[in-house]
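Per-entry structural report
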Amino acid sequence: MGMTMSQKILAYHAGLDSVEAGQLVLCRLDRVLGNDITSPVAIREFKKMGAEKVFDRDKVTLVMDHFAPNKDIKAAIQCQTCRNFSAEQELSGFFDVGTMGIEHALLPEQGLAVSGDLIIGADSHTCTYGALGAFSTGVGSTDMAFGMASGKAWFKVPSAIKFELTGSLPKYVSGKDVILSIIGKIGVDGALYRSMEFCGEGVRSLSIEDRLTICNMAIEAGAKNGIFPVDEVTLAFEEGRAKHEPMIFEADADASYDEVYTVDLSSLRPTVAFPHLPENTRSIDDVGEIKIDQVVIGSCTNGLYKDLEEAAKILKGRKIAKGVRAIVIPATPSIYLKCVEQGLVKTFIESGCIVSTPTCGPCLGGYMGVLAAGERCVSTTNRNFVGRMGDTKSEVYLASPAVAAASAVMGRIAGPEEVML
Amino acid sequence: MIKEGNAIKFGDNIDTDVIIPARYLNTSDPKELASHCMEDIDRSFTGRVNEGDIMIGGENFGCGSSREHAPIAIKESGISIVIAKSFARIFYRNSINIGLAIVECPLAAEEICEGDRVSVDMDSGVITDLTSGKSYSAEPFPPFIQEIITAGGLVEAMKKGIIR
């Protein structure tokens with residue numbers, strides 16, 4: 001029987017001709033990633049294992065993005081632990097304040113995640129790199145420690161769900177709306193333990209940013225990974241940045257899938273996930289009157305230049321509503337710089353937003369925009385669990401950058417069409 | 001090995017943010033993490049959990065972030081095993097790796113009530129609700145996974161030479 005795209009990448013890295021769903025395989029890793037929250041635990045376990053050197057100083061990447069710039073003394077100690085470890089191990093990929101960006105935006109940008117790679121990261125949104133045709137998945141700190149020491153990880157080969165994309169996205173509808181509407185359909189455990197493989201003629205119309213956002217949230221459907229085929233869009237993005245030659249894997253024509261869904265991109269509407277699960281989705285046409293206190297535009301899900309450009313188009317020449325705090329977070333230093341050069345920062349500040357250095361801070365209620373009881377936030381992030389961004393009685397509504405920007409202007413959840421008359 | 005304790009029951013989609021809120025992730029000290037375990041969904045949890053108690057969850061238990069701090073907090077709070085209808089995959093893997101016993105059994109997770117006395121035979125996979133008298137059978141872990149859990153996790157198992 002044929003293999004899915006994910007299975008082919010696993011087979012290649014296990015040194016096998018073929019694998020099948022359910023099989024346990026030990027695979028060689030192209031990259032092991034950690035951040036300032038998960039790496040300190042992994043470093044502790046690495047030392048407990050008795051390991052001395054990482055398997056490859058160029059393939060272990062640590063990014064200080066969650067609580068950095070350090071939010072408090074304890075966070076400072078965690079970053080210090082990572083900094084010392086990176087120096088001691090002479091890691092080439094240690095990204096500290098100044099060079100760091102939000103990890104899942106930074107790795108593709110720096111060419112550290114490449115088509116065909118097998119990557120594990122001690123962060124659940126590591127599944128983002130599937131957008132480039134890599135197999136990448138989130139693990140815990142102990143797996144990260146084992147990966148750093150041995151360059152290997154074991155996997156249970158996943159079965160897959162196929163999403164056949166047709167048509168192309170209407171104006172003001174983006175990758176975020178695609179993935180939110182899929183999660184709304186299949187639920188937060190709809191793809192539990194499985195791969196989400198996207199294919200079909202609709203893929204071509206999706207930008208790399210749309211694909212990154214879609215794969216980023218595969219975990220919110222419980223998936224092990226999300227993955228797109230490699231095409232000219234992928235290769236154009238990787239040109240001049242990929243640190244090694246991309247490898248192209250394709251699903252076999254006779255690959256078996258647990259389920260097949262068809263998604264007509266042209267029928268999608270801006271979509272909002274209501275508290276307290278990403279599956280509680282509604283079309284923008286059905287949201288009703290929901291007043292908001294805060295807007296966050298950024299994160300590993302939607303902090304790329306194109307995301308911010310979408311938001312800026314809506315905010316340009318407008319003021320955000322009185323009583324709304326809007327926080328814009330370019331995901332990497334180079335995106336930040338481009339926002340400065342292209343005048344986006346001016347647009348944001350003139351409209352009443354603040355622009356922060358890269359950080360995951362507000363997405364997980366760490367700092368830089370924590371919510372009080374009763375407050376509501378429209379956020380381009382990925383989770384709206386109870387207490388995710390602050391008090392357990394606060395509410396998070398997940399949406400695209402366009403919807404978040406329009407909502408900031410209106411002071412309530414609103415679609416871009418309402419603002420861009 | 002038999003685990004026995006009182007059931008503490010939660011619902012579906014118990015996510016890692018309620019198991020251990022991110023505001024406490026500026027530390028990885030197990031005791032400190034345990035002191036905030038389940039705080040955002042049940043403030044009384046840390047006060048009423050006793051050593052050996054059994055946590056019951058619904059579907060997709062442990063969904064959300066990859067933070068190993070979540071199973072660490074549950075284990076350190078005294079919970080001997082988590083029985084759920086299903087587990088989110090990273091949580092499942094992390095639990096084995098840090099030595100927190102878990103078992104999937106939809107019927108037991110549905111029927112066992114808060115406060116019931118429950119025993120779990122890890123070798124056979126038989127779960128018994130001693131209060132109601134009902135028994136359930138779950139798929140036991142293969143011996144090598146059980147050995148990792150018994151050793152206290154992947155690293156301890158490596159040190160003891162159970163896995164190489």
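Residues numbered from 1 in each chain as written. Chains lettered and ligands numbered in written order. Predicted model: local features only at pLDDT ≥ 70, side-chain atom pairs only at ≥ 80, totals over all residues. Heavy atoms only, no water.

**Regarding the overall build of chain B**
Scanning chain B from N- to C-terminus turns up eight helices and seven strands. Its C-alpha atoms give chain B a radius of gyration of 15 Å, near enough to 15 Å, the size a compact globule of 164 residues would have. Looking at chain B as a whole, 63% of its 164 residues are labelled buried. A sequence separation of at least 24 residues applies to 65% of the contacts in chain B between residues at least 6 apart. Summing over all exposed atoms, chain B offers an accessible surface of approximately 6000 Å²; the carbon and sulfur share of this is 51%. (Helix = DSSP H or I, 4+ residues; strand = E, 2+ residues; numbered from the N terminus. Rg over C-alpha atoms; globule rule 2.2 N^0.38 Å. Buried < 20%, exposed > 50% of the residue type's maximum accessible area, 1.4 Å probe, protein only. Contact = heavy atoms within 4.5 Å. Areas by Shrake-Rupley, 256 points an atom, 1.4 Å probe, with all protein chains shown as cover.)

**Some remarks on the sheet that holds strand E5 (residues 118-121) of chain A**
Residues and elements named next belong to chain A. Pairing in this open sheet of five strands is parallel, and the strands run E4-E3-E2-E5-E6 from one edge to the other. In this open sheet, the two edge strands, each paired with only one partner strand, are strand E4 (93-95) and strand E6 (135-138). Each strand axis lies, on average, 15° off the axis of its neighbour in the sheet, ignoring direction. In the sheet, strand E2 (residues 31-35) pairs with E5 via three bridges, with the strands oriented parallel. Directly across from Leu 33, in E5, lies its bridge partner Gly 121. (Pairing = 2+ DSSP bridges. Axes fitted to C-alpha atoms, helices over the stretch in contact; angles between N-to-C directions.)

**Looking at the pattern of salt bridges**
Enumeration over the complete set of coordinates arrives at 35 salt bridges over all chains. Between Arg388(A) and Asp17(B) there is a salt bridge, with the nearest N and O atoms lying 2.8 Å from each other. Residue Arg388(A) is found in the loop between strand E17 (376-379) and strand E18 (395-398), and its partner Asp17(B) is found in helix H1 (residues 16-19); the two belong to separate chains. Asp17(B) shares its class with Arg388(A); the two are buried. It is possible to trace a salt-bridge network through shared partners that takes in Glu289(A), Lys291(A), Arg412(A) and Glu418(A). (Salt bridge = Lys/Arg side-chain N within 4 Å of Asp/Glu carboxyl O.)

**A closer look at the state of the cysteines**
This model, assessed by the stated rule, comprises zero disulfides over all chains. The cysteine Cys215(A) is free of any disulfide, with Cys127(A) supplying the nearest cysteine sulfur at 7.4 Å. (Disulfide = S-S within 2.5 Å.)

**What to know about the side chain of Thr38(A)**
Here Thr38(A) lies in the loop between E2 and helix H2 (39-48). We classify Thr38(A) as buried; its relative accessible area is 4%. The contacts of Thr38(A), once residues within four sequence positions are left out, are Ala122(A), Ser141(A) and Ser66(B).

**Description of the interface of chain A and chain B**
Taken together, the contact between chain A and chain B spans 44 residues of the former and 38 residues of the latter. Regarding the contact of chain A and chain B, the summed buried area is about 3400 Å², with carbon and sulfur atoms giving 54% of it. Along the contact surface separating chain A from chain B lie three salt bridges. If you look at where chain A meets chain B, you find 20 residue pairs in polar contact (both at pLDDT 80 or more). Taken together, the elements giving at least two residues each to the side of chain A that touches chain B come down to H2, helix H3 (73-88), E6, helix H5 (141-150) and strand E7 (152-156) of chain A. Partitioned by chemical class, the residues of the side of chain A that touches chain B number 19 nonpolar, 13 polar and twelve charged. (Buried area = accessible area lost by both parts, 1.4 Å probe. Polar contact = N/O pair within 3.5 Å; in protein donor to acceptor, adjacent residues only side chain to side chain. Nonpolar A, V, L, I, M, F, W, Y, C, P; charged D, E, K, R; others polar.)

**Regarding the sheet that holds strand E2 (residues 54-57) of chain B**
Residue and element names in this part refer to chain B. Overall, mixed pairing links the seven strands, which are arranged E4-E3-E2-E1-E5-E6-E7 in an open sheet. The strands lining the two open edges of the sheet, one partner per strand, are strand E4 (101-104) and strand E7 (134-137). Each strand axis lies, on average, 30° off the axis of its neighbour in the sheet, ignoring direction. In this structure, strand E3 (residues 81-84) lies alongside E4, joined through four bridges in parallel fashion. Paired with Val 82 across the bridge in E4 is Ile 102.

**Concerning the environment of Gln146(B)**
Residue and element names in this part refer to chain B. In this structure, Gln 146 sits in helix H7 (residues 143-151). For the pair Gln 146 and Ala 101, spaced 45 residues apart in sequence, the C-alpha separation works out to 8.3 Å. Every residue in contact with Gln 146, bar those within four places of it in the chain, is listed here: Met 122, Asp 123, Pro 140 and Phe 141.

**Focus on the side chain of Glu45(A)**
Tracing the sequence through the fold places Glu45(A) in helix H2. Those residues in contact with Glu45(A) that sit more than four places away from it in its chain are Thr142(A), Ala145(A) and Val155(B).

**Thoughts on the packing of aromatic side chains**
This structure, assessed with the given rule, holds 14 aromatic pairs over all chains. Each ring, one from Phe61(B) and one from Phe91(B), has its centre 5.4 Å from the other, and the planes form 75°; the classification is edge-to-face. You can see Phe61(B) sitting in the loop between E2 and helix H4 (69-76) and its partner Phe91(B) sitting in helix H5 (residues 89-98), a full 30 residues away along the chain. Side by side, Phe61(B) and Phe91(B) carry an identical accessibility label, which is buried. Ring geometry for Phe87(B) against Phe91(B): centres 6.2 Å apart, planes inclined by 5°, an arrangement best described as stacked. In this pair, the class of Phe87(B) matches that of Phe91(B), namely buried. Here a set of aromatic residues connected by ring pairs shows up, and it is made of Tyr193(A), Phe61(B), Phe87(B), Phe91(B), Tyr92(B) and Phe141(B). Stacked on the ring of Phe67(A), the Lys or Arg Lys71(A) has its end atom at 5.0 Å from the ring centre. Across the ring face of Phe155(A), the terminal group of Arg93(B) is positioned such that the distance to the ring centre comes to 5.8 Å. (Phe/Tyr/Trp six-rings, centres within 6.5 Å; stacked < 30°, edge-to-face > 60°. Lys NZ or Arg CZ within 6 Å of the ring centre and 35° of its normal.)

**Some remarks on helix H1 (residues 5-14) of chain A**
All names here are of chain A. Counting buried positions along H1 yields eight of ten residues, so the element is predominantly enclosed. Looking at H1, one finds that the buried residues are Met 5, Ser 6, Gln 7, Ile 9, Leu 10, Ala 11, His 13 and Ala 14. Elements in contact with the buried residues of H1: strand E1 (24-28), E5, E6, E7, strand E9 (195-199) and strand E10 (225-227). At the exit of H1 stands Gly 15, carrying a positive phi of roughly 70°.

**As for unusual backbone geometry**
Among all residues except glycine, the phi angle is most often negative; among peptide bonds, the trans geometry is most common. Residue and element names in this part refer to chain A. Backbone torsion omega between Ala 68 and Pro 69 reads -5°, so that peptide bond is classified as cis. Along the chain, Pro 69 turns up in the loop between strand E3 (60-63) and H3. Here the phi dihedral of Glu 90 falls at roughly 50°; this positive angle occurs in a residue that is not glycine. Tracing the backbone shows Glu 90 in the loop between H3 and E4. Positive phi is not limited to glycine here, since Met 368 has a value of about 65°. As for its placement among the helices and strands, Met 368 is situated in the loop between strand E16 (354-355) and E17.

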